[in-house]
Amino acid sequence: MGHRALIAYRRPDRLYDLRYSHWGGDELSVLESLSVDAPLAGGRIDSDLLADSVALDSVLTDYLDPCGYEALILVSPEYEIRAYRVCWLEWGDGREQGRGALVAVEPGERDLTVRTWFRATKTALADVVEMGVLSRRAAQSYLEARIAEDENGYFYTYGDAAAADVDEPTNAFDAFLGSEGLE
């Protein structure tokens, strides 16, 4: 299966070119060799474009399937790099599969902490749902609240560009990057 990462290279027009790394989500190891001198991380990122000229919000709704990707890596024209762990908020039983969250991470301890915390929390909630203590909806709401409060996560719905989160601020994902943005 691999540990798939979506790599989004920001262009001067603030749109993104997208590439794929089959093992880039494995402890974010692709970041070790990604630089201006090695834009494809020494072959660890596919040379074929998945898409070009994509708005950042569309990266999430049209390309970043939370069920299939483990990481999103944003690269500025100056090769400032930001990594996000993709958290799939659904359970794999064939129901809705497109709800995801992004949590900013750095390779190493922070990434390991987020991955471990998320897996443990989601597994415990799945057990509670299976025992009939919580509904799936209540468990997902709790999981989203924990991600928002504990990890400052950003939520999105893959496959539905018209999806709007009632409790989510109206600002775009660019604002999630922080006040300095990814210039």
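It should be noted that the structure appears before, not after, this text.
This is a predicted model, so every value here is computed, not measured.

A. Expanded view of the overall build of the protein. Scanning the protein from terminus to terminus reveals 4 helices and 7 strands. Listing every helix and strand of the protein by position from the N terminus yields β-β-β-α-β-β-β-α-α-β-α. Across the 183 residues of the protein, 43% fall into the buried class. Long-range pairs, those at least 24 residues apart, make up 60% of the contacts in the protein between residues at least 6 apart in sequence.

B. Layout of helix α2 (residues 109–130). Here α2 is 22 residues long and its end C-alpha atoms lie 31 Å apart, about the 32 Å a rise of 1.5 Å per residue gives. Positive phi shows up at G132, right after α2, with a value of about 85 degrees.

C. Quick look at the pattern of salt bridges. Under the defined criterion, the tally for this structure stands at 9 salt bridges. Two residues, R85 and D111, come together in a salt bridge whose shortest N-O distance is 2.7 Å. Residue R85 is found in strand β5 (residues 81–88), and its partner D111 is found in helix α2; the two are separated by 26 residues along the sequence. The exposure classification of R85 matches that of D111, with both residues buried.

D. Summary view of a nonpolar patch on the surface. A cluster of nonpolar side chains, contributed by M131, V133 and L134, occupies part of the molecular surface with about 310 Å² of accessible area. Note on placement: L134 falls in the loop between α2 and α3 (136–151). Take L134: its relative accessible area is 31%, and that puts it in the partly exposed class.

E. Main features of the environment of E70. As for its position among the elements, E70 is in the loop between α1 (56–63) and β4 (71–75). The exposure class assigned to E70 is partly exposed, which follows from its relative accessible area of 22%. Between the C-alpha atom of E70 and that of C87, which follows or precedes it by 17 residues, the distance is 7.3 Å.

F. Region of the structure containing the environment of G159. Assignment of secondary structure puts G159 in the loop between β7 (154–157) and α4 (173–176). With a relative accessible area of 61%, G159 lands in the exposed category. A sequence separation of 60 residues divides G159 from R99, and the C-alpha atoms of the two residues are 9.1 Å apart.

G. Molecular detail of the packing of α2 against α3. In contact at an axis separation of 10 Å, α2 and α3 are set at 160 degrees when each is read in the N-to-C sense. Here α3 runs roughly antiparallel to α2, going by the angle between their axes. Like other packed secondary-structure pairs, α2 and α3 cross with a definite hand, here right-handed. Counting all contacts with α2, which are made through R110, V114, W117, F118, T121, K122, L125 and V129, the residues of α3 involved are R136, A139, Y142, L143, R146, I147, D150 and E151. A class-by-class count of the residues in the contact of α2 with α3 yields 9 nonpolar, 1 polar and 6 charged.

H. Structural context of the side chain of E151. The residue E151 is located in helix α3 in this model. For E151, a relative accessible area of 12% translates into the label buried. For E151, the side chain forms a polar contact with the side chain of R110, separated by 2.8 Å. If we ignore the near neighbours within four places in the chain, the residues touching E151 are V103, R110, V114, W117 and R146.

I. Structural detail: the pairing of strand β1 (residues 5–10). Along β1, 6 of the 6 residues are buried, which leaves the element largely enclosed by surrounding structure. Alternating positions in β1 separate into two faces, A5, I7 and Y9 on one and L6, A8 and R10 on the other, with burial throughout. With antiparallel pairing between neighbouring strands as the criterion, β1 and strand β2 (residues 16–21) make up a hairpin whose turn holds 5 residues, including R14 at a positive phi of roughly 70 degrees. Pairing analysis gives 5 bridges linking β1 to β4, with the strands arranged parallel.

Analysis parameters
- Residues numbered from 1 in each chain as written.
- Predicted model: local features only at pLDDT ≥ 70, side-chain atom pairs only at ≥ 80, totals over all residues.
- Heavy atoms only, no water.
- Helix = DSSP H or I, 4+ residues; strand = E, 2+ residues; numbered from the N terminus.
- Buried < 20%, exposed > 50% of the residue type's maximum accessible area, 1.4 Å probe, protein only.
- Contact = heavy atoms within 4.5 Å.
- Expected span 1.5 Å × (residues − 1).
- Salt bridge = Lys/Arg side-chain N within 4 Å of Asp/Glu carboxyl O.
- Patch = residues over 30% accessible without salt bridge, like charges linked within 9 Å, V, L, I, M, F, W, Y side chains within 5 Å.
- Areas by Shrake-Rupley, 256 points an atom, 1.4 Å probe, with all protein chains shown as cover.
- Axes fitted to C-alpha atoms, helices over the stretch in contact; angles between N-to-C directions.
- Parallel < 35°, antiparallel > 145°, perpendicular 65-115°, else oblique.
- Left-handed = near helix turned anticlockwise from the far one by under 90°.
- Nonpolar A, V, L, I, M, F, W, Y, C, P; charged D, E, K, R; others polar.
- Polar contact = N/O pair within 3.5 Å; in protein donor to acceptor, adjacent residues only side chain to side chain.
- Pairing = 2+ DSSP bridges.

Limitation: the analysis is restricted to geometry and does not speak to function.
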